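Results of the structural survey
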Amino acid sequence: MRFFGLIAAWLAILPSAFGWNATGHRIIAAIAYDRLTPHARIRVDDLLKHHPDYATILTRNAPTDPAARARAAFLAAAEWPDTIKGDARFWDDTRADAHPTDLIPGFPDMKRHTNWHYYDTPYAPDGAAPGHQDPPHALSELPRLIREISKAPDDLAAYDLLWIEHIEGDLHQPLHCVSRFLKSQPKGDAGGNGVILGERRNLHSLWDGAAGNDISDAYIAKYAAEAVAAHPAPRRIEKNPKKWIEEGFALSKSEVYTFGLETGSREHPLTLPASYTENAQRIAQAQIALAGYRLAAVLNDRLK
Ligand SMILES: [Zn+2]
């Protein structure tokens with residue numbers, strides 16, 4: 001139980017560094033799971049059983065009925081790369097002072113890979129010098145994982161599956177596709193984490209939570225059904241992560257950074273109107289439906 005205490009402690013310090021919260025990731029996975037071909041679903045269900053955390057994290061509180069258990073594991077899998085941010089078995093390879101942890105059989109490495117969750121397309125609306133994110137990042141890693149999963153041995157393919165589920169979802173949160181550079185914020189805002197909306201609230205966390213915070217199965221199923229009904233699958237489903245990032249970047253400009261060049265501060269947080277949050281919720285619903293369709297399309301394609 002020890003690392004759950006660590007997760008709680010970490011959440012208290014950094015409430016905003018996740019992508020979609022657990023709710024968003026689970027809804028995307030639920031939409032995708034319903035759309036897997038019978039063959040891809042059998043393959044996915046089998047791969048998850050090869051993951052070292054299958055019996056623990058992936059099936060915690062899961063139903064015993066085999067089909068319901070497999071679906072529950074697929075939903076939990078989408079959340080796993082966030083879960084390990086507070087898991088003492090893993091270490092943060094982006095910190096110079098971090099100490100590598102011991103390799104556990106079944107994992108390719110024990111890195112938290114916190115920089116795989118996003119790609120910071122630079123946005124410099126007031127002419128500030130745009131920054132640049134070196135790989136590894138979502139744009140380098142997600143295409144690599146998608147290529148690798150079809151031919152990797154089962155242990156590695158299981159690891160890849162969790163990351164594909166997660167990064168694919170994250171990239172449909174527009175703020176995972178951008179960093180805004182301003183003359184007043186020359187190092188960038190880290191996908192809206194640097195736009196302060198209040199005590200432990202910022203622009204990134206507003207968007208992360210735009211699908212709600214309820215992880216009950218009833219809520220997930222209801223949200224998924226409503227999102228799918230409101231946003232039916234397009235005839236052609238885009239499977240190229242680079243295109244997803246371009247769309248997220250375009251949404252950042254048209255729907256996210258619509259409040260001007262302010263960044264807020266601890267002393268003077270930025271206030272956004274209720275209509276801003278309502279629009280974020282509308283965009284999130286459309287993006288979550290799309291993410292579900294695209295995740296299914298990628299897995300159906302790669303797990304033939
Ligand atoms: Zn993430």
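Just above, that's the structure.
Numbers given for residues are sequential positions, taken from 1 along each chain in its written order. It should be noted that, the model being predicted, local features are given only for residues of pLDDT at least 70 and side-chain atom pairs only at 80 or more, the latter also being counted only at that level, while totals for whole chains, interfaces and linings use all residues. Excluded from the side-chain calculations are hydrogens and water; all other atoms, namely the structure's heavy atoms, are used.

**Describing the overall build of the protein chain**
Secondary structure elements follow DSSP: runs of H or I no shorter than four residues count as helices, runs of E no shorter than two count as strands, and numbering proceeds from the N terminus. Helices and strands together make up the secondary structure of the protein chain, namely 12 helices and 4 strands. Per-residue accessibility, obtained with a 1.4 Å probe over protein chains only, is compared with the maximum for each type, and a residue is labelled buried under 20%, exposed over 50%, and partly exposed between these values. By residue count, 52% of the 304 residues in the protein chain fall in the buried class. The long-range share in the protein chain, meaning contacts at least 24 apart out of those at least 6 apart in sequence, stands at 73%. Note that accessible areas follow from Shrake-Rupley with a 1.4 Å probe, and for residues the cover is restricted to the protein chains shown. With an accessible surface of roughly 13800 Å², the protein chain has 56% of that area assigned to carbon and sulfur atoms. Each charge sign in the protein chain was given a centre, from 34 positive and 38 negative side chains, and these centres are 3 Å apart. We call two residues contacting when some pair of their heavy atoms lies within 4.5 Å. Positive: Lys, Arg. Negative: Asp, Glu. His and the chain ends are not part of the count. All charge positions are set by atom: Lys at NZ, Arg at CZ, Asp at CG, Glu at CD.

**Considerations on the coordination of the zinc ion**
Taken together, His117 (ND1), His166 (NE2) and Asp170 (OD) make up the full set of protein donors to the zinc ion, lying 1.9 to 2.2 Å away. In primary sequence terms, the donor set of the zinc ion follows H-x48-H-x3-D. Of this pair, His117 sits in the loop between α6 (80-83) and β1 (121-123) while His166 sits in helix α8 (residues 154-170), and the two are 49 residues apart along the sequence. Neither residue differs from the other here; His117 and His166 are each classed as buried. Coordination partners: N, O, S within 2.8 Å of the metal, 3.2 Å for Na, K and Ca; water not considered, so apparent gaps in a site are possible.

**Description of the packing of helix α11 (residues 241-256) against helix α12 (residues 274-302)**
Contact geometry for α11 and α12: axes closest at 12 Å, N-to-C directions at 175°. Viewed along their axes, α11 and α12 adopt a mutual orientation that is roughly antiparallel. Touching Trp244, Glu247, Leu251, Glu255 and Val256 of α11 are Tyr276, Asn279, Ile283, Gln287, Leu290, Arg294 and Val298, all from α12. Within the contact of α11 with α12, the residues separate by chemical class into 7 nonpolar, 2 polar and 3 charged. Axes, fitted as lines to C-alpha atoms, cover a helix only where it is in contact. Angles between the N-to-C directions of the axes lie from 0 to 180 degrees. Working definition: roughly parallel below 35 degrees, roughly antiparallel above 145 degrees, roughly perpendicular at 65 to 115 degrees, and oblique for all remaining angles. For this classification, the nonpolar set comprises Ala, Val, Leu, Ile, Met, Phe, Trp, Tyr, Cys and Pro, the charged set comprises Asp, Glu, Lys and Arg, and every other residue, Gly included, is treated as polar.

**Topic: the pattern of salt bridges**
Close approach of charged atoms allows side chains with opposite charge to pair. Any carboxyl oxygen of Asp or Glu within 4 Å of a side-chain nitrogen of Lys or Arg constitutes a salt bridge here. In the structure shown here, the tally under the stated rule is 16 salt bridges. We note a salt bridge from Asp53 to Arg89, for which the minimum N-O separation is 2.8 Å. Here the residue Asp53 occupies a position in the loop between α3 (38-49) and α4 (54-58), and Arg89 occupies one in the loop between α6 and β1, the gap between them amounting to 36 residues. Taking the shortest distance from any N to any O, the salt bridge between Glu246 and Lys242 comes out at 3.4 Å.

**Describing the packing of helix α2 (residues 22-34) against α12**
Here α2 crosses α12 at 50°, and the two axes come no closer than 7 Å. Here α2 lies oblique to α12, going by the angle between them. Seen along the crossing, α2 lies across α12 with a hand that is right-handed. From α2, Gly24, Ile27, Ile28, Ala29, Ile31 and Ala32 reach across to α12, where they touch Ile288, Ala289, Ala291, Gly292, Tyr293, Leu295 and Ala296. Looking at side-chain class alone, the contact of α2 with α12 contains 11 nonpolar, 2 polar and no charged residues. With the far helix as reference, a near helix turned anticlockwise by less than a right angle produces a left-handed crossing, and one turned clockwise produces a right-handed crossing.

**Some details on helix α7 (residues 138-149)**
End to end, α7 covers 16 Å across 12 residues, agreeing with the expected 16 Å (1.5 Å per residue, within 8%). If you check which residues of α7 are buried, you get Ala138, Glu141, Leu142, Pro143, Leu145, Ile146 and Ile149. Packing partners of the buried residues in α7 comprise α8, α11 and α12. Expected span, for any helix, means 1.5 Å times one less than how many residues it has.

**Quick word on the nonpolar core**
By convention a nonpolar core is built from buried Ala, Val, Leu, Ile, Met, Phe, Trp, Tyr and Cys residues, the set being connected through side-chain atoms within 4.5 Å. Formed by 65 residues in total, the largest nonpolar core has its most connected members in Leu48, Leu58, Phe74, Trp80 and Leu299. In terms of residue count, the dominant contributor to this core is α12 (9 residues). Contact partners of Leu58, with chain neighbours within four places excluded, come to Leu48, His51, Asp53, Ala72, Ala73, Ala76, Ala77, Trp80 and Leu162.

**Quick word on unusual backbone geometry**
For the bond from Pro135 to Pro136, the omega torsion is 0°, close enough to zero to count as cis. Structurally, the position occupied by Pro136 is in the loop between β1 and α7. Residues other than glycine seldom take positive phi values, yet His113 does so here, at roughly 50°. Structurally, His113 is set in the loop between α6 and β1.

**Let's talk about the packing of aromatic side chains**
Think of it this way: a Phe, Tyr or Trp ring, Trp meaning its six-membered ring, pairs with another when their centres are within 6.5 Å, and the plane angle makes it stacked under 30 degrees, edge-to-face over 60, tilted otherwise. Inspection of the entire model under this criterion finds 13 aromatic pairs. The interplanar angle of 75° and the centroid separation of 6.5 Å between the aromatic rings of Phe107 and Tyr159 together place this pair among those described as edge-to-face. Taken together, the residues span a long stretch of sequence, with Phe107 in the loop between α6 and β1 and Tyr159 in helix α8 at a distance of 52 residues. As far as burial versus exposure is concerned, Phe107 and Tyr159 are alike and both buried. Taken together, a centroid distance of 6.1 Å and an interplanar angle of 85° make the contact between Tyr123 and Phe249 edge-to-face. With Tyr123 in strand β1 and Phe249 in helix α11, this residue pair connects regions lying 126 residues apart in the sequence. Across this residue pair, the class does not change: Tyr123 and Phe249 are buried. By way of ring pairs, the aromatic residues Tyr123, Trp207, Phe249, Tyr257, Phe259 and Tyr276 are connected into one cluster. We count a charge as sitting over a ring when the NZ of a lysine or the CZ of an arginine lies within 6 Å of the ring centre and within 35 degrees of the ring normal. It is Arg41 that lies over the ring of Tyr33; its NZ or CZ is 4.6 Å from the centre.

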